[in-house]
Structure formats: C-alpha cells, structure tokens
Amino acid sequence: NAGVTQTPKFRVLKTGQSMTLLCAQDMNHEYMYWYRQDPGMGLRLIHYSVGEGTTAKGEVPDGYNVSRLKKQNFLLGLESAAPSQTSVYFCASSWWSEQYFGPGTRLTVT
Amino acid sequence: DQQVKQNSPSLSVQEGRISILNCDYTNSMFDYFLWYKKYPAEGPTFLISISSIKDKNEDGRFTVFLNKSAKHLSLHIVPSQPGDSAVYFCAGARIQGAQKLVFGQGTRLTINP
C-alpha cells in the first residue's frame, strides 16, 4: 500500500508556464483534496472532489484547475503560473473521517 | 478571516514533561476538530480528533480537550518524547459532502532531552 503519492516532488517554473501535478491514492477513497501551504500559514484548500468525475472549489481556487477522471487520481493544473503560486502543494484523500496526505510537491515560480 | 488560530508559533518542552498545544476557533459550525502532526518534507499525519459534542478524547499519550464556550481546544502530550518534535496543526472540520478542513497556522514543538 503506497497510500497517497504525488508527482513531481519538486518543480521550478517560469512565470506564464503551465504544469500539472498528479496525485494518486490506492485506498479506494471517494474524496480527494488539493491544499497549498505557505510559510506561517496553515494548509488552505484549493479544490476537492467527492467522487470520480466531480470537482468543487475550495477556499483558494483562483489560478488552478482540477480533474478527476479516475477514482484513484486527482490532477491539479496551473495554466499560467505566477510567483504567488510558489508554495508546497499537498494532496489528500479520505472516506468520511480523517484525511491521508501525500508527501507534497514544492513548486517555485520565478 | 482566520477561523482557526494557533497563536504560539513554537513551544519547547523537556523530555518526559507535558506538552500543551493550544488552538482557538471562531466558527461554531465545525462538526469536529482534528490534530495533525507534520515532520519536515512529509505530509501531515492524523493524530487525534474530537467531535464538537464531546469535551475530551484520549488516545494513549495524547488527549484533546474541547471548551466550546471559550471556543478553545488543546492537545496534551504526556509524557513528551523526542519523536514528538514536529509541527502540529489543529483543524476544524465541516461535513459538507466532503470533509472540509480549516487549518491553523501550526505550532512547532521541540522536545529537549
């Protein structure tokens, strides 16, 4: 059981570039989430999904898009990266109780 | 509007003593509260939770207390061990289809030998 995995672990982008972060879980969880964590702040919810083919906005959705084409995968896309999107991104999955987190992706936008 | 606040960025405790981490919230609509522990370069891991209708939950060395009138919760770790050194996040949870968490800023706990 790998739990929740995230790809890539690190990435540096130039302003305006695009990229996709991949999250995969092997626990058959229905719910999946994307968070960002910035220095001095807690994790903030970007988008989430309550099942395959569904997505919904969280607290800070602007500048991001998501897709959940398969139950085990949740993709986070940045269409035109901005320096304000420099952050550590965490994916999580759950049933109705506690969430299980991946190890994070550190993204720097220059 | 910060709904969950951890006002102490750091806490240092001697090994074997009690560690008390505090958290305040403003949103009375949370269904329950959770504590997560985070080591560097890893994702948060779940530690313990408490329903909003309870005032105490205990799991081994970890106890969470909830004071609804004060909108305050605390995590007690007894006895503290070196492996407890980590960043601790409290979070309020609302069940709205999915479990939507609102995190505090975190408290870095250091256990000194």
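Note that the structure is predicted; figures quoted are calculated from it, not measured. (Residues numbered from 1 in each chain as written. Chains lettered and ligands numbered in written order. Predicted model: local features only at pLDDT ≥ 70, side-chain atom pairs only at ≥ 80, totals over all residues. Heavy atoms only, no water.)

(A) Representation of the pairing of strand β9 (residues 87–94) of chain A. All names here are of chain A. Most of β9 sits out of view: eight of its eight residues are buried. Here β9 shows no split at all, with Ser87, Tyr89, Cys91 and Ser93 on one side and Val88, Phe90, Ala92 and Ser94 on the other all buried. Bridging between strand β4 (residues 31–37) and β9 involves seven bridges; their strand directions are antiparallel. Counted as the bridge partner of Trp34 is Cys91 from β9. Following β9, the chain reverses through five residues before pairing antiparallel with strand β10 (residues 100–101). (Buried < 20%, exposed > 50% of the residue type's maximum accessible area, 1.4 Å probe, protein only. Helix = DSSP H or I, 4+ residues; strand = E, 2+ residues; numbered from the N terminus. Pairing = 2+ DSSP bridges.)

(B) Main features of the sheet that holds strand β3 (residues 19–25) of chain B. The strand order across the open sheet built from five strands is β1-β3-β8-β7-β6 (chain B), with neighbouring strands paired in antiparallel fashion. Each edge of the open sheet carries a strand with a single partner, namely β1 (4–5) and β6 (56–59) of chain B.

(C) Summary view of a nonpolar patch on the surface. A cluster of nonpolar residues, B:Ile18, B:Ile20 and B:Val78, forms a patch on the protein surface that exposes about 230 Å² of accessible area. Residue B:Val78 is classed as partly exposed on the basis of its relative accessible area, which comes to 44%. (Patch = residues over 30% accessible without salt bridge, like charges linked within 9 Å, V, L, I, M, F, W, Y side chains within 5 Å. Areas by Shrake-Rupley, 256 points an atom, 1.4 Å probe, with all protein chains shown as cover. Salt bridge = Lys/Arg side-chain N within 4 Å of Asp/Glu carboxyl O.)

(D) Up close: the interface of chain B and chain A. Each partner contributes to the interface: chain B provides 20 residues, whereas chain A provides 19 residues. Surface buried jointly by chain B and chain A totals about 1500 Å² across both partners, of which 60% is contributed by carbon and sulfur atoms. If you look at where chain B meets chain A, you find zero salt bridges. For the interface between chain B and chain A, the tally reads three residue pairs in polar contact (both at pLDDT 80 or more). Of all the elements in the fold, those that place two or more residues in the side of chain B that touches chain A are β4 (32–38), β9 (86–96) and β10 (98–103) of chain B. (Contact = heavy atoms within 4.5 Å. Buried area = accessible area lost by both parts, 1.4 Å probe. Polar contact = N/O pair within 3.5 Å; in protein donor to acceptor, adjacent residues only side chain to side chain.)

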